Amino acid sequence: MKISLDWLGEYVAWEDSPVDLAAKLTAAGLNVEGIEEYKQTYPKVVVAKVVHREQHPDADRLSLCRVDDGTGEPVQVVCGAPNVREGITVLFAQVGAVLPGNFKIKKSKIRGVESFGMICSASELEISNESDGIMELETDLAPGTSADELYGFEDTVLDIEVTPNRPDWLSHVGVAREVAAIYGTKMSLPARWNSQQSGESLGVKVRIEDYQDCRRFTAFGIQNAERGPSPKWMQDRLRAIGSRPINNMVDITNYVMFELGQPMHAYDRAKLAGGSINIKRSEKGLKVVTLDEQERELEEGTLLICDESGPVGIAGVMGLANSEVGPDTTEILLESGFFDPMLVRKTSRGLGLISEASYRFERGADWEMVVFAAHRALHLFQELAAARIVPDWADRSDPDYKAAEDIPLRVWQVNRLMGAEVSTDQAAQYLQALGLKVQPMGNPGAASRNAVNMMVKVPSFRRDLLQEVDLIEEIVRSHGLDNLEGGGGFRGSEGGVRAEKDDALNRARVWFAANGYNEMVTSSFMGEKDHDHLGMPAEDERRETISVINPHHGGDTRLRTVLLPSLLGVARRNLNAGAAAPVRLFQINRTFVPGGAKPADTRHEDEQLLPEEPLFLQFAVAGSSETGIGGVPADLLEIKGTVAALASFLRLPLTLEVADVEPWLQSGTQWQIRDGQGACVGTAGRVEPAVAEAFEVEVPVAVVEIRLSAMSLTPEAMRFESFARFPAVKRDLSLLVPEAVAYGSIEDLVNQAGGPLLDTVELFDIYRGKGVPEGFGAYGIRLKFRSAKGNLKGKAVDKAIEKLVAALKADLNIEQRV
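Let me begin by describing the structure that accompanies this report. Just so you know, the residues in each chain are numbered from 1, in the order the chain's sequence is written. Per-residue local features of the predicted model are confined to residues with pLDDT of at least 70, and side-chain atom pairs are confined, for both listing and counting, to 80 or more; whole-chain, interface and lining totals are unaffected and use all residues. Heavy atoms throughout the structure, all of them, feed into the side-chain values; hydrogens and water do not.

## Describing the overall build of the chain
Quick note on the threshold: Helix and strand definitions here come from DSSP, where helices need a minimum of 4 consecutive H or I residues and strands a minimum of 2 consecutive E residues; each element is numbered from the N-terminal end. As defined in this context, the radius of gyration uses C-alpha atoms, and a globule is described by 2.2 Å times the residue total to the power 0.38. Exposure was quantified through the Shrake-Rupley algorithm and a 1.4 Å probe, taking into account, for residues, occlusion by the shown protein chains and nothing else. The charge count treats Lys and Arg as positive and Asp and Glu as negative. His and the chain ends do not count. Charged side chains are reduced to one point each, which is NZ for Lys, CZ for Arg, CG for Asp and CD for Glu.
Scanning the chain for helices and strands turns up 19 helices and 39 strands. The C-alpha atoms of the chain give a radius of gyration of 39 Å, which is well past the 28 Å a tight globule of 818 residues would have. Here the C-alpha coordinates of the chain stretch approximately 125 × 85 × 55 Å along the principal axes. Accessible surface, the chain: about 41,400 Å² in total, of which carbon and sulfur atoms supply 47%. In the chain, the 88 positive side-chain charges and the 119 negative ones have mean positions that sit 6 Å from each other.

Structural data, given as structure tokens:
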């Protein structure tokens, strides 16, 4: 929302500079994103007088004029306006002037006659949207006076970010209310029509088909309106905030919308059929032409404003061309309504038609402002269009509408949450300054848990205030966060302790970030064909999904039962955007499995209908093309090592066991992950190339998924082990290993047969090729022996090696290479 300080100053006064005002507004919650110095100037455009006019010698519709522009000798200029004549005062663009639209004025020759400038119309200078010829000025200013004297304007404009829950800030009056509260000054409201009903009838009846769609609709009659340009002050303010002035009839409704936040629409009364207005939903396939002259096909159920012959407006979005106010309009039907925000949003997004009106209605209208804003517009029609207002109007509203209930406020709770000492009077003053009404209750000075000090009446423009804590937030904003005591904060009976699960998740996030992984934030929905792309069997319970019944968009509508599609999507987008491979990603997220386990301790039967929501840790390496020991893909080695390192960091017993588990992982490159009790809690492996290709990922992806909700996240107790006092003895062995034997089996057997002196075993090489029999691989392992009692002797180490080599031969048919 752009706020003109010239405009704002009409309602409230302040003494700070624009920068200081912006800082205080930001501190109060209105985030000022920018400050713009707006300046409307007309360099080298001056007041001039036409001193001579004659017919162009070679063109019937052109005039040859001489104008006095204050430079001395009259200037020759060719003019095509029908109203140019000797003696009138005009605005003259001299050679070198640059008009709106970057139109440069140059010396030129028109039909053989030289012209040294241009006599301007209002539209050419963007002073008005409409013009029938050149501007004729009624001024005593001398020729040569800058046009800035008449039409220049300077202003400072604040660009404010408005949160969705504060539609009242989408207006100058709404922001003025905040400024008045900040500076402790009073705010004035603009003049409005003094309504006096008589026996005269409006001649229009209003019918609302469903009050859930339109909670309130008002219609007012305007007669004998004179169309013309808006006054300079209105045009200046509209331009300053980026709105283009058109004419007084259109500008008035736009001006009031930016002033009070209530969109309205003016219909040409002569173009409306019959004497009734109906607010109802559309049928399927209806086509209309909107004010922007675009034909649009409406979705079934679009809310329309209709006369007796059909639609004349799309409720809350835009009017239709068939009822547009035009040059001949003298009678107007003015609409001001309260439409369902979700319905307006759906229509606006569905048509791709986001207007200033829809932007405000989507956030919720102000019930009282519906009539207040209309009366303001009627006053302006009287003042600026010499209009007569019909002293009768239509006001149809939901008979079940109820104003917001009063909210009880306890000052004890205010001080408890603020960590400060605010008196009852202070709290009341803060709220009253924001436009809320306060009624003291009982003993205003009482300060106990159950003592209600006041009842607060919430105005219709503050639909975000629903409960006591909302009022406390308003008090905190007004009191100022900088004014809270240093020791302030929530006062509870005892300190909180972070749950083990939350602590483990937080530590995991920090650990992954420190190790070069980027956390993903992904959608909870998945595509309709994702299960097929994953190669998931038909009997897999994860194929059953929960879908959105009535989606308001064309995106994914099924709650995900697996995480892999979201990961592959993120990997694809990052790699396509030029991210350096390999890309390392992780996420901690839930899936939603309707056929999963149901909770045993439900409070309501309906909870049994809810899906299981398991929590997963997923991480992946995408785009690695390197190989490690023995030609094993480096990404597989990385994820295997990452699981072990993560388990060590979190002190959780996780082990990997070779097994094919998931259909979307390559067979032979998978592990299942087991916890300390031996239960399978996850999988690891490389994504099948066909699966990756189905998701448009053209690089290898190695992925790990650990089902955190299926395991204990309580870390194992830490125990102290004294440092080794004696040196270790290292021996390297080269083993001839059959291809069918996995290294995990070798490591397990070596640890078992190595005896108490064996400290660690490490694989450092795998070789297949020349010198190694077909069907075998040469494995290099490094053994470390150590004794806590003293230095080891070579004979003891040799004996241990002989024992484990014999065990390898006997159990796994592995021989030592010499």
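## Re the sheet that holds strand β14 (residues 214-223)
To be explicit about the condition: Strands are labelled as partners when DSSP assigns at least two bridges between them. The convention used is that axes are lines fitted to C-alpha atoms, helices contributing only their stretch in contact, and that angles between N-to-C directions extend from 0 to 180 degrees.
In space, the four strands of this open sheet follow the order β15-β22-β14-β23, with antiparallel pairing throughout. Here the strands that pair on one side only, and so sit at the sheet edges, are β15 (264-268) and β23 (388-397). Each strand axis lies, on average, 20° off the axis of its neighbour in the sheet, ignoring direction.

## Thoughts on the nonpolar core
Selection rule: Joining through side-chain atoms within 4.5 Å is the link that ties buried Ala, Val, Leu, Ile, Met, Phe, Trp, Tyr and Cys residues into a set, and such a set is a nonpolar core. Only protein chains enter the accessibility calculation, which uses a 1.4 Å probe; a residue is then buried when its area is under 20% of its type maximum, exposed when over 50%, and partly exposed in between.
Of all hydrophobic cores here, the largest spans 52 residues; its most connected members are Leu-8, Leu-158, Ile-160, Ile-222, Leu-334 and Phe-381. Ranked by the residues each element gives to this core, the list is headed by helix α9 (residues 369-385), at nine residues. If you look at the next biggest cluster of nonpolar residues, it comprises 35 residues, including Val-204, Ile-208, Ile-277 and Val-288.

## Here's the deal with the packing of aromatic side chains
Stated precisely, the cut-off is as follows: Aromatic rings from Phe, Tyr and Trp, with only the six-membered ring used for Trp, were paired whenever their centres fell within 6.5 Å, and each pair was classed as stacked if the ring planes differed by under 30 degrees, edge-to-face if by over 60, and tilted otherwise.
Counted by the stated rule, this structure contains 14 aromatic pairs. Each ring, one from Trp-7 and one from Tyr-255, has its centre 4.4 Å from the other, and the planes form 15°; the classification is stacked. One end of the pair, Trp-7, is in helix α1 (residues 5-8); the other, Tyr-255, is in helix α6 (residues 248-260), with 248 residues separating them in the sequence. Residue Trp-7 shares its accessibility class with Tyr-255, and that shared class is buried. Taken together, Trp-511, Phe-512, Tyr-517, Phe-586, Phe-619 and Phe-649 form an aromatic cluster joined through their ring pairs.

## Regarding the packing of helix α13 (residues 500-514) against helix α16 (residues 634-650)
Threshold: Here the angle decides the label: under 35 degrees means roughly parallel, over 145 means roughly antiparallel, 65 to 115 means roughly perpendicular, and every other value means oblique. Here a crossing is taken to be left-handed if its near helix is turned anticlockwise relative to the far helix by less than a right angle, and right-handed if that turn runs clockwise. Only heavy atoms matter for contacts: two residues are in contact if any of them lie within 4.5 Å across the pair. All residues other than Ala, Val, Leu, Ile, Met, Phe, Trp, Tyr, Cys, Pro, Asp, Glu, Lys and Arg, Gly among them, are scored as polar; the first ten of these are nonpolar and the last four charged.
Relative orientation of the contacting elements α13 and α16 amounts to 135°, with a least axis distance of 11 Å. Looking at the two axes, α13 sits oblique to α16. The interaxial crossing formed by α13 with α16 has right-handed handedness. The residues of α16 that touch α13, namely those facing Ala-504, Arg-507, Ala-508, Trp-511 and Phe-512, are Thr-642, Ala-645, Leu-646, Phe-649 and Leu-650. Of the residues contributing to the contact of α13 with α16, the split by class is eight nonpolar, one polar and one charged.

## Quick notes on α6
For an α-helix, the turn length of 3.6 residues means that residues three or four places apart are oriented alike. Note the cut-off: To estimate the expected span of a helix, count its residues, drop one, and scale the result by 1.5 Å. Here a polar contact means two N or O atoms within 3.5 Å. Within protein one must be a hydrogen donor candidate and the other an acceptor candidate, and residues neighboring in sequence count only if both atoms are side-chain atoms.
The terminal C-alpha atoms of α6 lie 18 Å apart, and with 13 residues this matches the ideal 18 Å at 1.5 Å per residue to within 8%. Extensive coverage of α6 is indicated by the burial of eleven of its 13 residues. Of all the positions in α6, only Asn-248, Met-249, Asp-251, Ile-252, Thr-253, Tyr-255, Val-256, Met-257, Phe-258, Glu-259 and Leu-260 are classed as buried. Between a side-chain oxygen at the N-terminus of α6 and the backbone nitrogen of Met-249 the separation is 3.1 Å; the capping residue is Asn-247. Of the residues trailing α6, Gly-261 is marked for its positive phi of about 90°.

## Some words on the environment of Gln-618
Considering the arrangement of structural elements, one finds Gln-618 in strand β31 (residues 615-622). In sequence terms Gln-618 and Leu-585 are 33 residues apart; their C-alpha atoms lie 8.3 Å from each other. When residues no more than four places from it in sequence are discounted, the contact partners of Gln-618 are Met-520, Leu-563, Leu-564, Leu-567, Leu-585, Phe-586, Gln-587, Val-703, Val-704 and Glu-705. Separated by 2.7 Å, the side chains of Gln-618 and Gln-587 make a polar contact.

## Re the environment of Leu-763
Considering the arrangement of structural elements, one finds Leu-763 in strand β37 (residues 758-767). Expressed as a C-alpha distance, the spacing of Leu-763 and Glu-747, which sit 16 residues apart in the sequence, is 8.7 Å. For Leu-763, the contacting residues outside a window of four places in its chain are Ile-629, Tyr-743, Tyr-779, Gly-780 and Ile-781.

## A closer look at α9
Here α9 spans 23 Å end to end across 17 residues, near enough to the 24 Å set by a 1.5 Å rise per residue. Where burial is concerned, most of α9 is hidden: 14 out of the 17 residues are buried. Following α9 by one or two positions, Ala-386 adopts a phi angle in the positive range, close to 50°.

## Quick word on the sheet that holds strand β25 (residues 437-440)
Here three strands make up an open sheet; going across it, the order is β24-β26-β25 and the pairing antiparallel. Strand pairing shows two members of the sheet lacking a second neighbour, β24 (407-409) and β25, which therefore form its edges. Neighbouring strand axes in the sheet, compared pairwise and without regard to direction, differ in orientation by 30° on average. Relative to strand β26 (residues 454-457), β25 is paired through four bridges, and the arrangement is antiparallel. If you follow Pro-440 over to β26, its bridge partner there is Met-454. Sheet strands touched by helix α12 (residues 468-479): β24 and β26. Its angle to β24, the strand with the most contacts, is close to 60°.

## Brief notes about the pattern of salt bridges
Think of it this way: side chains of opposite charge can pair up when their charged atoms draw near. The test is simple: Here a salt bridge means any side-chain nitrogen of Lys or Arg lying within 4 Å of a carboxyl oxygen belonging to Asp or Glu.
Scanning the entire structure with this criterion turns up 39 salt bridges. In this structure, Glu-259 and Arg-376 form a salt bridge, with 2.9 Å as the shortest nitrogen-oxygen distance. Taken as a pair, Glu-259 in helix α6 and Arg-376 in helix α9 lie far apart in primary sequence, 117 residues in all. Residue class for Arg-376 comes out buried when judged on its relative accessible area of 5%.

## Description of unusual backbone geometry
The step from Ala-581 to Pro-582 runs through a cis peptide bond, and the omega angle for that step is -5°. Here Pro-582 lies in the loop between α15 (564-576) and β30 (583-590). For Arg-651, which is not glycine, the phi dihedral falls at a positive 60°. The topology assignment puts Arg-651 in the loop between α16 and β32 (655-658). Its identity as a non-glycine residue notwithstanding, Glu-696 has a phi of 60°, on the positive side. Note that Glu-696 resides in the loop between α17 (689-694) and β35 (701-707).

## A closer look at the state of the cysteines
Formally: When two cysteine sulfur atoms are found within 2.5 Å, that pair is recorded as a disulfide.
All chains considered together, the criterion is met by zero disulfides. Here Cys-79 is not disulfide-linked; the sulfur of Cys-65 is the nearest cysteine sulfur, at 5.4 Å. You can call Cys-79 buried: its relative accessible area is 5%.

## Brief notes about the side chain of Gln-262
Tracing the backbone shows Gln-262 in the loop between α6 and β15. A polar contact of 3.4 Å, which involves the side chain of Gln-262, links it to the side chain of Ser-336. A polar atom in the side chain of Gln-262 sits 2.9 Å from the backbone oxygen of Gly-337.

## A closer look at the packing of helix α5 (residues 232-240) against α6
Contact geometry for α5 and α6: axes closest at 11 Å, N-to-C directions at 55°. Viewed along their axes, α5 and α6 adopt a mutual orientation that is oblique. The interaxial crossing formed by α5 with α6 has left-handed handedness. Residues Trp-233, Met-234, Arg-237 and Leu-238 of α5 form the contact with α6, whose participating residues are Asp-251, Ile-252, Tyr-255 and Phe-258. Split into classes, the residues belonging to the contact of α5 with α6 amount to six nonpolar, no polar and two charged.

## A short note on the side chain of Arg-237
Counting through the fold element by element, Arg-237 comes out in helix α5. Non-local contacts of Arg-237, meaning those with residues more than four positions away in its chain, are made with Asp-6, Trp-7, Glu-10 and Tyr-255.

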